[in-house]
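Listed below, chain by chain, are the residues.
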Amino acid sequence: MSIIITTTIAAIIVFLIAYFFTKNSSTNTPNKWQNFMEWILEFVNDIMNSSMVVSNNLFILSTGVSLLMYLFIANLMGIPFSIITVEEHSVAWWKSPTADAHVTMTLAIMIIAYTHFIDIRLHGFKHFFVSFFKPFKILFPINAIEQLATTLTLGLRLFGNIYAGEVMLSLLASAVTHGFVISLLASVPMLIWQAFCIFIGAIQAYIFVTLTMVYIAHRLT
């Protein structure tokens, strides 16, 4: 339930930002919010330009923009605070959804399936199936394992970085229970680590989108 709550809230935030920031868009005098959205579009388009030959596909561009915004917000949700029930079996009701391997692996599986879908749609199922036997038929097991390894690394990289950051934050936050002096000494490192987690969250969102575009480009060619 906690995963459903946080992932849904992250999706709603992305939708609201995209809707309200482009609600009064203009080609003459764009406001600062429209400029911000255009900057995100150009940023993802630059990633596409450096990753694939086809860089003007609106469907792929919208996928990249949605991923970048969602992952950035999801990565930061657990940085300000977390809500954990104090029970025999404690439950984290509020944290970054990407600090859970279920979420990141689901995203990774969706992306890899999406790239396979693009390959089948563009080149047909026969081309997609035969690609697992290239350049030699004997390499089929290695090509199949490569797809599994790609999915695991894509999901676990994101999970590991966000989860490690939140574990460190929880350790620093636990200093509050050890008295005023210790909590005061821990406040500065905690602020520094929170700023570092924001940086890591942004970098991981960028890496995930970049790898997505690389995998799509591999299927396009």
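Before going into details, it helps to say that this report is about the structure given with it. (Residues numbered from 1 in each chain as written. Predicted model: local features only at pLDDT ≥ 70, side-chain atom pairs only at ≥ 80, totals over all residues. Heavy atoms only, no water.)

**Things to note about the overall build of the protein chain**
Let me state the cut-off plainly: Strands here are runs of E lasting at least two residues and helices are runs of H or I lasting at least four, both read from the DSSP assignment and numbered beginning at the N terminus. We call a residue buried when its accessible area falls under 20% of the maximum for its residue type, exposed when it is over 50%, and partly exposed in between, using a 1.4 Å probe and counting protein chains only. Any two residues having at least one pair of non-hydrogen atoms within 4.5 Å are treated as being in contact.
Looking only at helices and strands, the protein chain has 7 helices and 2 strands in total. Scanning the protein chain from its N terminus toward the C terminus, one meets helices and strands in the order α-α-α-β-β-α-α-α-α. Within the protein chain, buried positions represent 36% of all 221 residues. In the protein chain, once contacts between residues fewer than 6 apart in sequence are set aside, the share between residues at least 24 apart is 69%.

**Re the environment of Phe20**
When you line up the elements, Phe20 lands in helix α1 (residues 2-21). Phe20 sits in the partly exposed class, given a relative accessible area of 48%. Between the C-alpha atom of Phe20 and that of Trp33, which follows or precedes it by 13 residues, the distance is 8.5 Å.

**Some words on the nonpolar core**
To keep things clear, this is the line we draw: Nine residue types can take part in a nonpolar core, namely buried Ala, Val, Leu, Ile, Met, Phe, Trp, Tyr and Cys, and a core is a set of them joined through side-chain atoms within 4.5 Å.
Of all hydrophobic cores here, the largest spans 39 residues; its most connected members are Leu71, Phe208 and Met213. Elements supplying a minimum of two residues to this core: α1, α2 (32-51), α3 (58-76), α4 (101-123), α6 (140-173) and α7 (180-220). It is α3 that contributes the most residues to this core, 10 residues altogether. Not counting the four nearest positions on each side in its chain, Phe208 is found in contact with Leu67, Leu71, Leu107, Ala108, Ile111, Leu154 and Leu158.

**Let's talk about the environment of Thr150**
Inspection of the secondary structure puts Thr150 in helix α6. What makes Thr150 buried here is its relative accessible area of 14%. Along the backbone, Thr150 and Ile109 are 41 residues apart, and their C-alpha atoms lie at a distance of 9.5 Å. In this structure, Thr150 is in contact with Ile112 and Tyr215, ignoring residues within four places of it in sequence.

**Concerning the packing of α4 against α6**
Which entries qualify depends on this criterion: Here an axis means a line fitted to C-alpha atoms, over the contact stretch when the element is a helix, while the angle between two N-to-C directions is reported on a 0 to 180 degree scale. In these notes the angle categories are as follows: under 35 degrees is roughly parallel, over 145 is roughly antiparallel, 65 to 115 is roughly perpendicular, and the rest is oblique. Should the near helix be turned counterclockwise from the far one by less than a right angle, the crossing is left-handed, whereas a clockwise turn marks it as right-handed. Residue polarity follows a fixed list, in which Ala, Val, Leu, Ile, Met, Phe, Trp, Tyr, Cys and Pro are nonpolar, Asp, Glu, Lys and Arg are charged, and the others, Gly among them, are polar.
At a minimum axis distance of 8 Å, the contact between α4 and α6 shows a crossing angle of 140°. The angle between the axes of α4 and α6 places the two elements in the oblique class. Crossing of α4 against α6: the hand is right-handed. Between α4 and α6, the contacting residues are Ala101, Thr104, Met105, Ala108, Ile109, Ile111, Ile112 and His116 on the first element and Gln147, Thr150, Thr151, Leu152, Leu154, Gly155, Leu156, Leu158 and Phe159 on the second. Residue classes in the contact of α4 with α6 are distributed as 11 nonpolar, 6 polar and no charged.

**A word on the side chain of Gln147**
Note on placement: Gln147 falls in helix α6. Accessibility expressed as a relative area gives 18% for Gln147, which makes it buried. Excluding its chain neighbours within four sequence positions, the residues that come into contact with Gln147 are Ile112, His116, Phe132 and Arg219.

**Some thoughts on the pattern of salt bridges**
Filter applied, for reference: In the sections that follow, a salt bridge refers to a side-chain nitrogen of Lys or Arg positioned within 4 Å of a carboxyl oxygen of Asp or Glu.
On inspection of all chains with the given rule, the structure shows 2 salt bridges. Here Lys95 and Asp100 are joined by a salt bridge, their closest N and O atoms 3.6 Å apart. Assessed through its relative accessible area of 13%, Asp100 is described here as buried. One salt bridge in this structure joins Arg219 and Asp119, with 3.0 Å as the shortest N-O distance. Taken as a pair, Arg219 in helix α7 and Asp119 in helix α4 lie far apart in primary sequence, 100 residues in all. Judged on exposure class, the residue Arg219 and its partner Asp119 are both buried.

**Focus on the packing of aromatic side chains**
The criterion, for reference: The aromatic pairing rule takes the rings of Phe, Tyr and Trp, using the six-membered ring of Trp, and pairs them if the centres are within 6.5 Å, calling planes under 30 degrees apart stacked, those over 60 edge-to-face and the rest tilted.
Under the criterion given, the structure shown has 17 aromatic pairs. A centroid spacing of 6.0 Å and a plane angle of 50° characterise the contact between Phe59 and Tyr114, whose relative ring orientation is tilted. Here Tyr114 lies in helix α4 and Phe59 lies in helix α3, a separation of 55 residues in the sequence. Relative accessible area serves as the criterion here: at 54%, Phe59 is assigned to the exposed category. Take Tyr114: its relative accessible area is 14%, and that puts it in the buried class. Counting every residue linked through ring pairs, the aromatic cluster contains Phe21, Trp33, Phe36, Trp39, Phe43 and Tyr206.

Bear in mind that shape data such as this cannot, by itself, settle questions of function.
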